[in-house]
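Report on the structure
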Amino acid sequence: MVDRLYLQACSESDSTVVFLDMFQYIALANEKHWQPGPYAGVELKILHKNDTTGGVVVLRKFHAGISVPAHTHPAANEWAWVLSGEWEEDGVTYTPGTLFYAPKGQSHGPHVAKTEVISLTMFDGPLTVI
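Owing to the predicted nature of the structure, the values given are computational and were not obtained by experimental measurement.

Here we take up the side chain of His-73. Topologically, His-73 is positioned in the loop between strand E6 (67–68) and strand E7 (78–84). In this structure the side chain of His-73 is engaged in a polar contact, spanning 3.0 Å, whose partner is the backbone oxygen of Thr-128. When neighbours within four sequence positions are excluded, His-73 is seen to be in contact with Glu-78, Lys-104, Gly-105, His-108, Phe-123, Leu-127, Thr-128 and Val-129.

What follows deals with the sheet that holds strand E5 (residues 56–62). Note on sheets: strands pair through backbone hydrogen bonds, and any given pair is parallel or antiparallel. Reading across from one edge, E3-E4-E5-E12-E7-E10 is the order of the 6 strands in this open sheet, with antiparallel pairing throughout. Of all strands in the sheet, those with a lone pairing partner are strand E3 (35–36) and strand E10 (99–102), marking the two edges. Pairing analysis gives 7 bridges linking strand E4 (residues 42–49) to E5, with the strands arranged antiparallel. Counterpart to Ile-46 in the pairing with E5 is Val-58.

Another point: empty space enclosed by the protein. Applying the stated criterion across every chain yields a total of 1 cavity of 30 Å³ or more. In this structure, the largest cavity occupies an estimated 100 Å³ of space. Around the largest cavity, the lining is made up of 13 residues, and of these Pro-38, Tyr-39, Arg-60, His-71 and His-73 lie nearest the centre. Of all elements in the fold, only E4 and E5 reach the threshold of two or more residues within the lining of the largest cavity. For the lining of the largest cavity, the class distribution of residues is 9 nonpolar, 3 polar and 1 charged.

Within the largest apolar cluster, 8 residues are counted, these being Val-42, Phe-62, Ile-66, Val-68, Val-82, Trp-87, Ala-113 and Val-117. In terms of nonpolar packing, the next biggest core, distinct from the first, is built from 5 residues, Leu-44, Val-58, Ala-76 and Phe-123 among them.

This paragraph deals with the packing of aromatic side chains. Counted according to the given criterion, the structure contains 4 aromatic pairs. Geometrically, the ring pair formed by Phe-62 and Trp-87 is edge-to-face, given 4.6 Å between the ring centres and 70° between the ring planes. Linking Phe-62 in strand E5 with Trp-87 in strand E8 (residues 87–89), this pair joins segments that are 25 residues apart in sequence. Taken as a pair, Phe-62 and Trp-87 share a single burial class, namely buried. Where Trp-79 meets Tyr-101, the ring centres are 4.3 Å apart and the plane angle is 40°; that geometry is what we call tilted. Taken together, the residues Trp-79 in strand E7 and Tyr-101 in strand E10 connect sequence positions 22 residues apart. Take Tyr-101: its relative accessible area is 42%, and that puts it in the partly exposed class.

The strand order E6-E11-E8-E9 describes an open sheet built from 4 strands, whose pairing is antiparallel. Each edge of the sheet is formed by a strand with only one pairing partner; in this case those strands are E6 and strand E9 (92–94). Note that E8 and strand E11 (residues 111–113) share 3 bridges and pair antiparallel. Considered in E11, the bridge of Glu-89 is made with His-111.

The rules we used
Residues numbered from 1 in each chain as written. Predicted model: local features only at pLDDT ≥ 70, side-chain atom pairs only at ≥ 80, totals over all residues. Heavy atoms only, no water. Helix = DSSP H or I, 4+ residues; strand = E, 2+ residues; numbered from the N terminus. Polar contact = N/O pair within 3.5 Å; in protein donor to acceptor, adjacent residues only side chain to side chain. Contact = heavy atoms within 4.5 Å. Pairing = 2+ DSSP bridges. 1 Å grid on protein atoms, 1.4 Å probe; cavity = no way out; pocket = protein on both sides within 12 Å on 5 of 7 lines; lining within 4 Å. Points joined across faces, edges and corners; volume = space filled by probe spheres on them. Nonpolar A, V, L, I, M, F, W, Y, C, P; charged D, E, K, R; others polar. Core = buried A, V, L, I, M, F, W, Y, C linked by side-chain atoms within 4.5 Å. Buried < 20%, exposed > 50% of the residue type's maximum accessible area, 1.4 Å probe, protein only. Phe/Tyr/Trp six-rings, centres within 6.5 Å; stacked < 30°, edge-to-face > 60°.

Below you can see the structure in the form of structure tokens.
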């Protein structure tokens, strides 16, 4: 895990290393592993979990052709930023750069992955689905 940035100041007579605490937490996605998500054909890389609130920041991968039925997250607001792929909602296709928000308790979906879709998704409470 990377948690510090260092700078080396050099002069003719002195070489000093200075450590700067830049961020409280850094996750490198290539060091995380995909794990099964709440639906078949959906995988998650958990980038961060808040042990106090149960909130998570995840990369979500939807395999091409997967349809996720309408559902609700009763304990968390959801923010999803499409990084790659084509995502369909209510007959409209969305592409990278789209941001979705679903308040906790509000039904949303169905979602259809027209191609493989990767999103950066944040839940501010436990990731539960009903």
